[in-house]
Amino acid sequence: MGLKKDSYKIEKLNITITPAYAMVGKIEIENDTAIAEIKIHKTREDLEKYEALETINITCNIKRNLSVYEQIYVKAKEDMFQGWEDDIIPEN
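Let us look at the structure shown here. (Residues numbered from 1 in each chain as written. Predicted model: local features only at pLDDT ≥ 70, side-chain atom pairs only at ≥ 80, totals over all residues. Heavy atoms only, no water.)

**Concerning the packing of aromatic side chains**
Quick reminder of the rule: Paired rings are identified among Phe, Tyr and Trp, the last through its six-membered ring, by centres lying within 6.5 Å, and are further divided according to the angle between planes into stacked (under 30 degrees), edge-to-face (over 60) and tilted (the rest). Exposed residues in this analysis have more than 50% of their type's maximum accessible area, buried residues have under 20%, and partly exposed residues fall in between, with area computed by a 1.4 Å probe over protein chains only.
Enumeration according to the criterion identifies 2 aromatic pairs in this entry. Measuring from ring centre to ring centre gives 5.1 Å for F81 and W84, while their planes differ by 70 degrees; the resulting arrangement is edge-to-face. Residue F81 is classed as buried on the basis of its relative accessible area, which comes to 1%. Of the residues examined, W84 reaches a relative accessible area of 6% and is grouped as buried. The structure contains a cluster of three or more aromatic residues connected by ring pairs, namely Y8, F81 and W84.

Listed below in structure tokens is the structure:
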């Protein structure tokens, strides 16, 4: 699972990537708080093979009996990733 947006401008590099893909990288959990890196790149494959073009950190309260990844993506879409859509790769 990840997120996708038709067009995204990376301000610090002054480039626009079309489309843009985002996925959770490293997660740290302390008590009921998750701190997660959201990595952004131009393809799904590049997210797994190369250093991210941009990394954004988010913090969210979590419930440990639910999927941490899903909770992070929901929080990300409510905050810094508004307008991004779910990018779910279908299983074969």
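**Points about the pairing of strand β5 (residues 33-41)**
The condition is simple: DSSP bridges decide pairing: two strands pair if at least two such bridges lie between them. Strands here are runs of E lasting at least two residues and helices are runs of H or I lasting at least four, both read from the DSSP assignment and numbered beginning at the N terminus.
In this structure, strand β4 (residues 20-30) lies alongside β5, joined through 8 bridges in antiparallel fashion. Opposite Y21, over in β5, you have H41 as the bridge partner. Summarising the sheet, β5 and strand β6 (residues 54-61) pair through 8 bridges and their orientation is antiparallel. Paired with A34 across the two strands is C60, which belongs to β6.

**Some thoughts on the nonpolar core**
Formally: Side-chain atoms within 4.5 Å are what join buried Ala, Val, Leu, Ile, Met, Phe, Trp, Tyr and Cys residues into a set we call a nonpolar core. Whether two residues are in contact is decided by their heavy atoms: any pair within 4.5 Å suffices.
The biggest cluster of nonpolar side chains holds 24 residues, and the ones touching the most others in it are Y8, I38, I40, I72, F81 and W84. Those elements that provide at least two residues to this core are β2 (8-10), β4, β5, β6 and α2 (68-78). Tallying contributions element by element places β4 first for this core, with 5 residues. Apart from residues lying up to four places away in sequence, F81 is in contact with L3, A22, I38, I40, I56 and A76.

**Observations concerning unusual backbone geometry**
Of note, the bond from T18 into P19 is cis; its omega dihedral lies within 30 degrees of zero at -10 degrees. Mapping P19 onto the fold places it in the loop between β3 (15-17) and β4. Located in the positive-phi region is N14, a residue other than glycine, with phi close to 55 degrees. Looking at where N14 falls in the secondary structure, it is placed in the loop between β2 and β3. By relative accessible area, N14 is classed as exposed at 57%. Phi is positive for N31, close to 55 degrees, though the residue is something other than glycine. Note on placement: N31 falls in the loop between β4 and β5. By relative accessible area, N31 is classed as exposed at 60%.

In short, shape yes, function no, at least from these values alone.
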